[in-house]
Amino acid sequence: MLSEIAFYGALETGLIYGLVAFGIYLSFRVLDFPDLTVDGSFPLGAAVAAVLIISGWNPWLATGMAVLAGMAAGAVTAILNVKLNILNLLASILTMIALYSVNLRIMGRPNLALLTEDTVLTPWYDIEFLEFHQVSVVLFAIVVAISLILLWRFMKSETGLAMRATGANARMARAQGIATGGMIIFGVALSNGLVGLAGALFAQSQGAADVTMGVGVIVIGLASLIGGEAVITPSSVMRALIACVIGAIIYRLAIAFALNADVLGLQAQDLNLITAVLVTLAIVLPGVRTNLTNRFSRKKA
Amino acid sequence: MAKKTLRTLLGASLLAAASLVQAEDTRVVAITQIVEHPALDAAHQGVKDELAEHGYIDGENLRLMHESAQGNSAIATQIARKFVGESPDVIVAIATPSAQTVAAAARKTPVVFSAVTDPVAAKLVKSWEAPGANITGVSDMLPIEKHIDLLQRVLPDAKRIGTVYNPGEANAVALIELLEERLAARGLELVKGAATKTSEVLGAARSLVGKADAIYLTTDNTVISAAEAVVSVGERSDIPVFAADTATVARGAVAALGFDYYKHGRQTGAMVVRILEGAETATMPVETMEELDLFVNPAAGERMGITLSEDVIKDAKEVVNSDK
């Protein structure tokens, strides 16, 4: 049904989108900040990493710079919101469209190829016991695991708790002496730093950075987040983060199966529609369930 | 140890599967396309028709797979992995992003790209002449030399060639640099007018009046969207306007030597057929469009102060007479 290479391909893309889902978890869930910057910060990470790698930088350093670039983009969105009082959604849309031009400037052209460059993956190809198509999966799993542990520890730290308080109830948080504006700026920056990291890794594994590669990242990240939460109840930070990764991998496996399910008449063309339907259902269904339970319990009472 | 056995087993079963396919004499061709778009769809259709013409019929002796990523690069990556995993005889990749994702995933499977402007810059091949690995294809690079030939055939005395382009469009800038170099080689001068938006095209075209003997437009998206503005300047100031694509001729350009993407696909299909019949990608040079169609618009010529000669009109595949 699913070939080994297609399966590893789904895992690899799923792991990368797991990082995107971490970022979206931070902005949407922790900070309650609907942030569309990611459609721009994903290709931004790719662009920065690609340009630096081509000019001879160490690919890990280049990837690190991509994270910083993503953080800067997130900070711009948050500052537009916090300091200039622009509605959060609009602020993120502004940064997103600006990033399209910025990314073109950074790359100098719409597409930068990395096919013949040394990337973070290159040294791993020589490892005896790993097949070509397994390399990126193993490496990205390590990156995701490290990010997960760091994020988890951060969320349990004092700053992390302050950030969660900011998202949960900003007024109360301010009353407790938390600088909520700073928390939002730092949180959205961190979120987009993770997305920039995902973009940088994605460009290196697919062989090119392209200005159009950010299209739909937000929707797929959300689908991963919501899908993961449906499978693993996010009752703790650790569980929520694991749900992000699992959700992203499930989404990718679903696509891999859809690509193979010629029998069902499903094709790649239908995927955007299916994604939209799934996200809508995942958002609406819990509400419907609560409504039904409420009505039921009211009748009982 | 166990892993090695597993791999051998897997390899053996794959081999068995491959020989099974061989026995049935079914060839497998997989086509991946970054997005649906009239030009790219035409290329896809061309590949299919060319295969059919050479006796490779989908469902009979050929299994043809086709997927579009709908402009989503993560899905393009997964399509590439899916195709590589099924080890078809040839993977056809339409447009640069698709070709790059396949190139990143395929180590040995032969890959033929289509609608890629500069495969060397896209790092798909080492050189145009000798790709050197498992990838080759057909480029949709403009045949600049032939366009200059046409220009000189119609206007032998033109020395200063004007153009309007968008400095923010990477492909356009690359074409302009190439054009400038090729014109200089023939002792001609390129006069440039820059327009970053369609609304600036008229002003940029006007800036060429008095400085250019003819105007030549590349396939710059911004400028072609506002081609009428350039045509109106050409008509008012008697500067003949030439285009790189045939569609602009009906919109008032004097002449264009262009190609259509269906034929581009047919040429791609022809390369696929050669590979199916045993050719090696590494030694197959990247091809550019051989078959070009001349479109002329004598009425537009009259309005721009020139009369197209009978033999140019005779060579045209299509004679358009737009009236104002």
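Residues numbered from 1 in each chain as written. Chains lettered and ligands numbered in written order. Predicted model: local features only at pLDDT ≥ 70, side-chain atom pairs only at ≥ 80, totals over all residues. Heavy atoms only, no water.

Another point: the overall build of chain B. Helix and strand counts for chain B come out as 13 helices and 12 strands. Expressed as lengths along the three principal axes of its C-alpha atoms, the size of chain B is roughly 80 × 35 × 35 Å. Per-residue burial over chain B gives 56% buried out of 324 residues. Working note: accessible area of chain B is about 13,600 Å², and carbon and sulfur atoms make up 54% of it. Looking at chain B, you have 31 positive and 43 negative side-chain charges, and the mean spots of the two groups are 7 Å apart. (Helix = DSSP H or I, 4+ residues; strand = E, 2+ residues; numbered from the N terminus. Buried < 20%, exposed > 50% of the residue type's maximum accessible area, 1.4 Å probe, protein only. Areas by Shrake-Rupley, 256 points an atom, 1.4 Å probe, with all protein chains shown as cover. Lys, Arg positive; Asp, Glu negative; His and termini not counted. Charge placed at Lys NZ, Arg CZ, Asp CG, Glu CD.)

A word on empty space enclosed by the protein. One pass over the full model with this rule turns up one cavity of 30 Å³ or more. Lining the largest cavity, in full, are Gln-206, Ala-208 and Asp-210 of chain A together with Ser-73, Pro-97, Gln-100 and Thr-101 of chain B. Broken down by secondary-structure element, the contributors of at least two residues to the lining of the largest cavity are strand 2 (208-210) of chain A together with helix 4 (96-105) of chain B. The leading source of residues in the lining of the largest cavity is helix 4 of chain B, at three residues. In terms of residue class, the lining of the largest cavity is built from two nonpolar, four polar and one charged. (1 Å grid on protein atoms, 1.4 Å probe; cavity = no way out; pocket = protein on both sides within 12 Å on 5 of 7 lines; lining within 4 Å. Points joined across faces, edges and corners; volume = space filled by probe spheres on them. Nonpolar A, V, L, I, M, F, W, Y, C, P; charged D, E, K, R; others polar.)

All names here are of chain A. In the structure shown here, the tally under the stated rule is six aromatic pairs over all chains. Ring geometry for Phe-42 against Phe-202: centres 5.6 Å apart, planes inclined by 45°, an arrangement best described as tilted. Of this pair, Phe-42 sits in helix 2 (residues 38-54) while Phe-202 sits in helix 8 (residues 180-206), and the two are 160 residues apart along the sequence. On the basis of relative accessible area, Phe-202 is assigned to the buried category, the value being 0%. Pairwise contacts between aromatic rings join Tyr-17, Phe-42 and Phe-202 into one cluster. (Phe/Tyr/Trp six-rings, centres within 6.5 Å; stacked < 30°, edge-to-face > 60°.)

Turning to the nonpolar core, a few remarks are in order. Core analysis: the biggest nonpolar cluster contains 200 residues, and Phe-22 and Phe-42 of chain A together with Leu-51 and Val-164 of chain B have the highest contact counts within it. For this core, the leading source of residues is helix 1 (residues 4-30) of chain A, giving 15 residues. Filtering out sequence-adjacent residues up to four positions away, Phe-42 of chain A remains in contact with Ile-16, Tyr-17, Val-20, Val-195, Ala-198, Gly-199, Phe-202, Met-213, Gly-214 and Val-217 of chain A. (Core = buried A, V, L, I, M, F, W, Y, C linked by side-chain atoms within 4.5 Å. Contact = heavy atoms within 4.5 Å.)

On the surface, a nonpolar cluster with roughly 510 Å² of combined accessible area is contributed by Leu-87, Leu-89, Leu-90, Ile-93, Leu-94 and Ile-97 of chain A. Leu-94 of chain A sits in the partly exposed class, given a relative accessible area of 35%. (Patch = residues over 30% accessible without salt bridge, like charges linked within 9 Å, V, L, I, M, F, W, Y side chains within 5 Å. Salt bridge = Lys/Arg side-chain N within 4 Å of Asp/Glu carboxyl O.)

Moving on: the sheet that holds strand 2 (residues 62-68) of chain B. Residue and element names in this part refer to chain B. Read across the open sheet, the five strands follow the order 2-1-3-4-5; overall the sheet is parallel. At either margin of the open sheet sits one strand with a lone partner, and together these are strand 2 and strand 5 (135-139). Sheet twist, expressed as the mean angle between neighbouring strand axes with direction ignored, is 15°. One ladder, built from four bridges, connects strand 4 (residues 111-116) with strand 5; its direction is parallel. Note that in strand 5 the partner of Val-116 across the bridge is Ser-139. Sheet strands in contact with helix 11 (residues 261-276) are strand 1 (27-33), strand 3 (90-94), strand 4 and strand 5, and its direction is about 170° off that of strand 4. (Pairing = 2+ DSSP bridges. Axes fitted to C-alpha atoms, helices over the stretch in contact; angles between N-to-C directions.)

Detail in the predicted coordinates should be disregarded across regions flagged by low pLDDT. Averaged over all residues, the pLDDT of chain A equals 90, while 91% of them reach at least 70. Mean pLDDT across the secondary structure elements of chain A bottoms out at helix 11 (residues 271-300) of chain A, with 69, and peaks at helix 3 (residues 59-82) of chain A, with 98. (pLDDT = per-residue confidence, 0-100.)

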